[in-house]
Amino acid sequence: MHLIGFLLKKISIFAARIYSEKFYKHLNMNFDLTEEQLAVQAAARDFAQTELLPGVIERDEHQKFPAEQIKKLGELGFLGMMVDPKYGGSGMDTVSYVLAMEEISKVDASASVVMSVNNSLVCWGLEKYGTEEQKQKYLKPLASGEIIGAFCLSEPEAGSDATSQRTTAEDKGDHYLLNGTKNWITNGNSASVYLVIAQTNPEKKHKGINALIVERDSPGFVVGPKENKLGIRGSDTHSLMFTDVKVPKENRIGEDGFGFKFAMAVLAGGRIGIAAQALGIASGAYELALKYSKERKAFGVEISKHQAIQFKLADMATNIDAARLLCLQAASDKDNHRDYAKSGAMAKLFASKTAMDTTVEAVQVHGGYGFVKEYHVERLMRDAKITQIYEGTSEIQKIVISRELLKN
Ligand code: CAA
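Below is a short write-up of the structure. (Residues numbered from 1 in each chain as written. Predicted model: local features only at pLDDT ≥ 70, side-chain atom pairs only at ≥ 80, totals over all residues. Heavy atoms only, no water.)

Concerning helix H8 (residues 132-143)
Put simply, the test is: Secondary structure elements follow DSSP: runs of H or I no shorter than four residues count as helices, runs of E no shorter than two count as strands, and numbering proceeds from the N terminus. Each residue after the first adds 1.5 Å to the expected span of a helix. Each residue is placed in one exposure class: buried if its accessible area under a 1.4 Å probe, protein chains only, is under 20% of its type's maximum, exposed if it is over 50%, and partly exposed if it falls in between. Here a residue-residue contact requires only that any non-hydrogen atoms of the pair lie within 4.5 Å.
Taking 1.5 Å of rise per residue, 12 residues should cover 16 Å, yet H8 covers just 15 Å from first to last C-alpha, more than 12% shy of that figure. Along H8, the residues classified as buried are Gln134, Lys135, Tyr138, Leu139, Pro141, Leu142 and Ala143. Residues of H8 that are buried make contact with helix H7 (109-129), strand E1 (149-152), strand E4 (193-199) and strand E5 (209-215).

Put into structure tokens, the structure is as follows:
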């Protein structure tokens with residue numbers, strides 16, 4: 001019997017639809033980018049090549065924050081990409097954000113982490129949960145890139161175990177009194193606005209935590225020394241100290257006790273941004289390895305003619321495509337108001353491993369040249385590691401994914 005006839009006889013389309021709804025409904029099968037998305041991608045690629053590439057090695061070497069470049073990124077609308085234009089943003093979708101993050105990260109992951117934190121953790125959180133007054137006062141300058149923001153959750157003893165907040169926000173009626181230390185804060189010294197997570201009611205555990213907007217010049221707020229890091233050395237990572245810092249009540253985000261949920265919700269979206277950063281680091285390293293393999297000769301031919309190199313390129317390209325699909329899937333989930341905690345965690349888990357594996361192999365393809373700074377791949381390899389650590393380690397992503405799988 002012809003296969004189609006057999007199928008029509010045997011298979012209940014109704015049952016097939018139930019199966020498909022269960023396992024495939026969340027898949028967005030349209031991979032065509034819109035003209036606007038393509039234009040954003042091209043603009044980000046152009047910016048990376050013309051503004052970020054010159055000087056990226058020196059900034060890494062001297063741990064120099066890319067201040068001028070970040071200012072220009074803000075002027076072009078890349079720091080508040082998903083924010084409504086009425087609050088100074090570009091009004092774009094998450095897919096466009098992922099495309100831009102990949103292009104910027106191919107060249108300069110230090111710049112892209114600034115972009116990611118400002119877009120996903122700070123602007124998105126304020127637009128989604130802030131009051132109208134908070135949006136007018138803080139979101140507008142943040143989304144238009146006039147100022148940048150920082151997200152302050154991690155502490156010396158609260159990294160993965162984020163509910164164990166030791167920083168306290170004591171309720172004093174019309175204000176909170178903030179005391180404690182935050183660690184490894186991106187944009188630590190360059191931000192003007194800090195979203196600080198702190199414990200108000202320890203007996204309520206995570207339900208006693210609040211998220212507060214703290215201004216840079218608040219008395220009692222001190223920025224600690226800059227961290228000397230393995231990678232993303234151009235980004236500005238500091239510890240922060242708060243001693244009796246007065247934060248007005250109107251600077252609390254959401255209801256009393258909403259702070260932990262706020263942190264989890266913004267991190268779910270932030271993980272899509274970091275996944276795209278990891279994707280960019282991987283694809284940047286792959287493109288360099290591919291180009292080099294066609295130029296460098298060994299045993300009388302270009303090294304791309306050797307199967308040992310071809311197989312490395314094949315593995316890199318396959319993993320990068322898979323990582324890109326996961327990133328776009330998570331972005332599409334967010335844009336279409338589907339749950340994206342799992343798809344974002346999957347994208348981050350896979351893309352960050354791909355970044356690590358691909359950059360190590362890209363150095364290998366370059367041989368001795370890969371070990372020196374001019375060839376860029378050693379920097380990309382150092383930059384890749386952090387994507388398996390920040391905004392939730394790979395182990396935390398596995399917790400998030402498995403909880404989602406087992407929740408019903
Ligand atoms: N959206 C909204 N709420 C969420 C949520 C989400 N995506 N995920 C969890 N929650 C809620 C839960 O529903 C729960 O609320 P209820 O008690 O009312 O039901 C509450 O948050 C607590 O959740 P859990 O019980 O799951 O908490 P847990 O203690 O088991 O921890 C965890 C969960 C996933 C391990 C979490 O602690 C975590 O994500 N840890 C990693 C922290 C992290 O990512 N840090 C990154 C630092 S920021 C950074 O890196 C920025 C940078 O500079 C680049």
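Concerning empty space enclosed by the protein
Under the convention used in this document: Using protein atoms alone on a 1 Å grid, points that fit a 1.4 Å probe yet trap it form a cavity, whereas open point sets bounded by protein on both sides within 12 Å along at least five of seven lines form a pocket; residues with an atom within 4 Å of a point count as lining. Grid points are joined across faces, edges and corners, and a volume is the space filled by probe spheres set on the points. Ten residues, namely Ala, Val, Leu, Ile, Met, Phe, Trp, Tyr, Cys and Pro, are considered nonpolar, four, namely Asp, Glu, Lys and Arg, are considered charged, and the remaining ones, Gly among them, are considered polar. Where each domain begins and ends follows an automated or database-derived domain assignment.
Taken as a whole, this structure holds two cavities of 30 Å³ or more when the rule is applied. By volume, the largest cavity amounts to about 60 Å³. In terms of lining residues, the largest cavity is bounded by Val56, Arg59, Asp60, Lys64, Pro66, Asp108, Ser110, Gly234, Arg379 and Asp383. When residues of the lining of the largest cavity are traced back to their parent elements, those giving at least two are helix H4 (56-62) and helix H12 (377-386). Per element, the largest residue contribution to the lining of the largest cavity is three residues, and it comes from H4. Taken as a whole, the second largest cavity spans an internal volume of roughly 40 Å³. Lining the second largest cavity are Met82, Thr94, Tyr97, Ser120, Gly269, Ile272 and Lys334. Looking at the lining of the second largest cavity, the elements that each hand over two or more residues are helix H6 (94-107) and helix H9 (259-295). Its residues assigned to classes, the lining of the second largest cavity shows three nonpolar, three polar and one charged. Each of two domains, domain 1 (35-148) and domain 3 (267-405), supplies a minimum of three residues to the lining of the second largest cavity.

Here's the deal with the pairing of E5
The condition that has to hold: Two strands form a pair only when DSSP identifies at least two bridges running between them.
For E5, the tally of buried residues reaches six of seven residues, placing the bulk of the element in the interior. Bridge count between E4 and E5: seven bridges; the pairing is antiparallel. Paired with Leu195 across the bridge in E5 is Ile213.

Observations regarding the packing of aromatic side chains
This is how it is decided: In this scheme Phe, Tyr and Trp rings, the latter by its six-membered ring, pair at centre separations within 6.5 Å, and the angle between planes marks the pair as stacked below 30 degrees, edge-to-face above 60, and tilted otherwise. Charge-over-ring contacts are defined here by two conditions on Lys NZ or Arg CZ: a distance within 6 Å of the ring centre and an angle within 35 degrees of the ring normal.
The tally for this structure, following the rule as stated, stands at eight aromatic pairs. Cluster of aromatic residues (ring-pair linked, three or more members): Trp124, Tyr129, Phe258 and Phe262. Seen from the ring of Tyr176, Lys249 lies directly overhead, with NZ or CZ sitting 5.2 Å from the centre.

Considering the pattern of salt bridges
What counts here: Within this document, salt bridges are pairs made up of a side-chain nitrogen of Lys or Arg and a carboxyl oxygen of Asp or Glu, the two lying within 4 Å of each other.
This model, assessed by the stated rule, comprises 24 salt bridges. The partner of Glu157 in a salt bridge is Arg166, and the shortest N-O contact between them spans 3.3 Å. For Glu157, a relative accessible area of 53% gives the class exposed. Arg166 sits in the exposed class, given a relative accessible area of 54%. We note a salt bridge from Lys353 to Asp357, for which the minimum N-O separation is 2.6 Å. Of the two residues, Lys353 and Asp357 are both situated in helix H11 (residues 341-366); the distance of four residues between them amounts to about one turn of the helix. What emerges from the salt-bridge pattern is a single network uniting Arg45, Glu103, Lys106 and Glu287.

Digging into unusual backbone geometry
For Trp184, which is not glycine, the phi dihedral falls at a positive 55°. Residue position: Trp184 is located in strand E3 (residues 175-186). Looking at Trp184, the relative accessible area reads 46%, which means it is partly exposed. Positive phi values are uncommon outside glycine, yet Glu391 reaches one of about 50°. Take Glu391: it is sitting in the loop between H12 and helix H13 (394-406).

Things to note about the environment of Glu287
Tracing the chain through its elements places Glu287 in helix H9. A C-alpha to C-alpha distance of 9.5 Å links Glu287 and Leu313, two positions 26 residues apart in sequence.

A short note on the layout of surface pockets
Computed from the structure, the largest pocket encloses a volume of approximately 1300 Å³. For the lining of the largest pocket, the secondary structure elements donating two or more residues are H7, E3, H9, H12 and H13. Counting residues per element, the lining of the largest pocket draws most heavily on H9, which supplies seven residues. When its residues are assigned to classes, the lining of the largest pocket shows 23 nonpolar, 12 polar and 12 charged.

Observations concerning the pairing of strand E2 (residues 168-171)
The pairing of E2 with E3 spans four bridges and is classified as antiparallel. Bridge pairing in E3 places Asp171 opposite Tyr176. Hairpin connection of E2 to E3: three residues between the antiparallel strands, including Gly173 at a positive phi of 90°.

Notes on the site of the ligand
Using the following cut-off: Whether a residue is near a molecule or strand depends on its heavy atoms: it is near if one of them lies within 4 Å of it. Any pair of nitrogen or oxygen atoms within 3.5 Å is treated as a polar contact; in protein, a donor-acceptor pairing is required on top of that, and neighbouring residues in sequence qualify only through side-chain atoms on both sides. With residues, only the protein chains shown are counted as cover, and all accessible areas are computed by Shrake-Rupley using a 1.4 Å probe. Molecule-in-pocket calls rest on the fraction of atoms, with more than half required to lie within 2 Å of the cavity or pocket grid points.
Contacts to the ligand come from 24 residues, most closely from Ser160, Thr186, His206, Arg271 and Arg403. Note that an oxygen atom of the ligand is positioned 3.0 Å from one of the backbone N or O atoms of Gly392. Contact distances for the ligand include 2.5 Å between an oxygen atom and a side-chain N or O atom of Arg403. Taking 1100 Å² as the accessible area of the ligand by itself, protein coverage stands at 73%. With respect to the pocket detection grid, the ligand is positioned in the largest pocket. Contributing elements (two or more residues each) for the shell around the ligand: H7, H9 and H13. Per element, the largest residue contribution to the shell around the ligand is seven residues, and it comes from H9. Of the residues in the shell around the ligand, the class split is 12 nonpolar, seven polar and five charged.

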